[in-house]
Number of protein chains: 2
Amino acid sequence: MIRLVIVDDHPIVRGGLRDTFAAVEDIVVVGEAGDGAEGIDRVMARTADVVLMDLRMPGMDGVSATAALRELVPDVRVLILTTFDSERDVLPAIEAGAIGYLLKDALPDELMRAVRAAARGESVLAPSVTQHLMGQVRGPSAGSLTGREKEVLQLVANGSSNREAATALFIGEASIKTHLQHIYDKLGVRDRASAVAEGYRRRLLT
Amino acid sequence: MIRLVIVDDHPIVRGGLRDTFAAVEDIVVVGEAGDGAEGIDRVMARTADVVLMDLRMPGMDGVSATAALRELVPDVRVLILTTFDSERDVLPAIEAGAIGYLLKDALPDELMRAVRAAARGESVLAPSVTQHLMGQVRGPSAGSLTGREKEVLQLVANGSSNREAATALFIGEASIKTHLQHIYDKLGVRDRASAVAEGYRRRLLT
DNA sequence: TCGCATGTCCACCGTTCGGTGGATCCACTG
DNA sequence: CAGTGGATCCACCGAACGGTGGACATGCGA
């Protein structure tokens, strides 16, 4: 039995969702809330398994609520259910710890499968969201460095100054600096020392 | 007459070396190769006295080739000629059986003296390499950091500037710098980035 | 064919770092 | 008690680094 909490500021939507889940036996709606803060209360009170979370709400928004829930109740799975699929909405939600992201044009059947998947700890994303995500992950925080960037990082880890690295790779010092800036961006650091540390943690360096 | 084989993946470097040795009468280049495996072939074919070996090459790297040569042709002297002088490069090369270790910024004259020394079975090391080696041999006491030094290194690895590390440890920035100098000495490095790298390699950092 | 990722390069500027050569204090130990 | 090692602090200087905001060429894939 999956205990579900619904957080959405529109009573109509909440009603529709309640009806939808009333039709199945393995999912029971144990709480409803009209904004994020209220939703957190409901989850805390009823030990929910899954939270269906809207993003845009008065009071505490869905992203903040998701992040707060991940702190307070790490076991709970937050499934975003919203109308918008722009990057501006998707990325913060995923970063905040949502396990899935669905759009409100999803069919009831999809919705229920998604809730069951979330309860099992699996990620479910709407197709258009997947695209956004992949496009994003392919970009800045790709975790993976280009071949050239890895070479530069390895040299830096081995004690090369920018100039020495440039000599070793037969390119200009300016290029080394550019590569390093890109490395910093991708690894989320601000200097060569912590870039090297991240390199080891992500097993990019040996 | 010293028979020399040059192993380096950069044709330009090979050309420069060939020219260098063409100017003297007691050294003759009897073979060239672009990677380790090829280099072994050349040595086997021409019974060389000395091999000038680069370390970083596509295919078989210089360390592997050196070790293989020591097995196949124990009489041959392998002289490493590379751009890098970090411990990670130096130590494996020496262990693999290289008789000398020079850096590519060596002057042609130094290079020729080194080749002659190698042919006589003498060791020639670039000054900075000597330092690394001594730092390594200087005993286990030199390998371990004090508790405070480990704290500093960890902070640096996590992206702290000297000032931030000082704040975190409730001490002055000057003390951080002193600790770092001691860390550099002990680890045989010259900057924070490679200190972090060494920290990971020696499992001082996580 | 257009866009995107990649790799290369440049200038300017303020900040930080590394090198050097000290110094003091404390705890431990021969 | 003197010596040793660890931890703290100081000043000075030049070199290196990081931040910013570009620019251009190439090659690959949509």
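Think of each chain on its own: its residues are numbered from 1, step by step along the sequence as written. Just so you know, chain letters begin at A and ligand numbers begin at 1, following the order they were written in. For a predicted model such as this one, the threshold for reporting local features is a pLDDT of at least 70, and the threshold for listing and counting side-chain atom pairs is 80 or more; totals across whole chains, interfaces and linings nevertheless cover every residue. Only heavy atoms go into the side-chain values, all of them from the structure, while hydrogens and water stay out.

## A closer look at the sheet that holds strand S3 (residues 50–53) of chain A
Either a parallel or an antiparallel arrangement is found when strands of a sheet pair, and the pairing is made through backbone hydrogen bonds.
Residues and elements named next belong to chain A.
Reasoning step 1: When DSSP finds at least two bridges between two strands, those strands are taken to pair. Comment: elements are numbered from the N terminus, with helices defined as DSSP H or I runs of at least four residues and strands as E runs of at least two. An order of S2-S1-S3-S4-S5-S6 is seen for the 6 strands of this open sheet, with the pairing classed as parallel. Looking at which strands have only one partner, the edges of the open sheet turn out to be strand S2 (27–33) and strand S6 (124–125).
Reasoning step 2: Across 4 bridges, the pairing between strand S1 (residues 2–7) and S3 is parallel. In the strand pairing of S3, Ile6 is matched with Leu52.
Reasoning step 3: Only heavy atoms enter the contact rule, under which two residues are in contact if any of them lie within 4.5 Å. Between the N-to-C directions of two axes lies an angle of 0 to 180 degrees, each axis being a line fitted to C-alpha atoms and, for a helix, fitted only over the stretch in contact. Strands S3 and strand S4 (77–82) of the sheet are contacted by helix H3 (residues 62–72), whose axis makes an angle of about 165 degrees with S3.
Reasoning step 4: Running at roughly 155 degrees to S4, helix H5 (residues 108–119) makes contact with S1, S2, S3, S4, strand S5 (100–103) and S6 of the sheet.

## Side note on helix H7 (residues 147–157) of chain A
Reasoning step 1: For each residue, the accessible area found with a 1.4 Å probe, counting protein chains only, is set against the maximum for its type, and the residue is called buried under 20%, exposed over 50%, and partly exposed in between. What H7 of chain A keeps buried is the set Glu149, Val152, Leu153, Gln154, Leu155, Val156 and Ala157 of chain A.
Reasoning step 2: Downstream of H7 of chain A by a residue or two, Gly159 of chain A has a phi angle that is positive, lying close to 100 degrees.

## A word on helix H2 (residues 36–46) of chain A
Residue and element names in this part refer to chain A.
Reasoning step 1: Within H2, burial applies to Gly36, Gly39, Ile40 and Val43. In an axial view of H2, the angular spread of the buried residues amounts to 100 degrees, which keeps them on one side of the axis.
Reasoning step 2: Of the surrounding secondary structure, the elements contacted by the buried residues of H2 are S1, S2, S3 and H3. It is the directions from the helix axis to the C-beta atoms whose arc is reported.

## As for the interface of chain A and chain B
Reasoning step 1: Between chain A and chain B, the contact holds 17 residues from the first and 21 residues from the second.
Reasoning step 2: Values labelled buried area give the accessible surface lost by two parts on being combined, using a 1.4 Å probe and summing over both. Here chain A and chain B share an interface that buries about 1500 Å² over both sides, 54% of which is from carbon and sulfur atoms.
Reasoning step 3: Per-residue buried area on chain A facing chain B is highest for Asn158, Tyr200 and Arg201 of chain A; these three make up 32% of the total on that side.
Reasoning step 4: One side-chain nitrogen of Lys or Arg within 4 Å of one carboxyl oxygen of Asp or Glu is enough to make a salt bridge. At the junction of chain A and chain B, the tally comes to 0 salt bridges.

## Topic: the sheet that holds strand S2 (residues 27–33) of chain B
Residue and element names in this part refer to chain B.
Reasoning step 1: Pairing is parallel in the open sheet, where 6 strands are placed in the order S2-S1-S3-S4-S5-S6. Each edge of the open sheet carries a strand with a single partner, namely S2 and strand S6 (124–125).
Reasoning step 2: Inspection of the sheet shows strand S1 (residues 2–7) paired to S2 by 6 bridges, in the parallel sense. Of the residues in S2, the one forming a bridge with Ile6 is Glu32.
Reasoning step 3: Contacting strand S3 (50–53) and strand S4 (77–82), helix H3 (residues 62–72) crosses the sheet at an angle of about 165 degrees to S3.
Reasoning step 4: Each of S1, S2, S3, S4, strand S5 (100–103) and S6 is contacted by helix H5 (residues 108–119), which is oriented at about 155 degrees to S4, the strand it contacts most.

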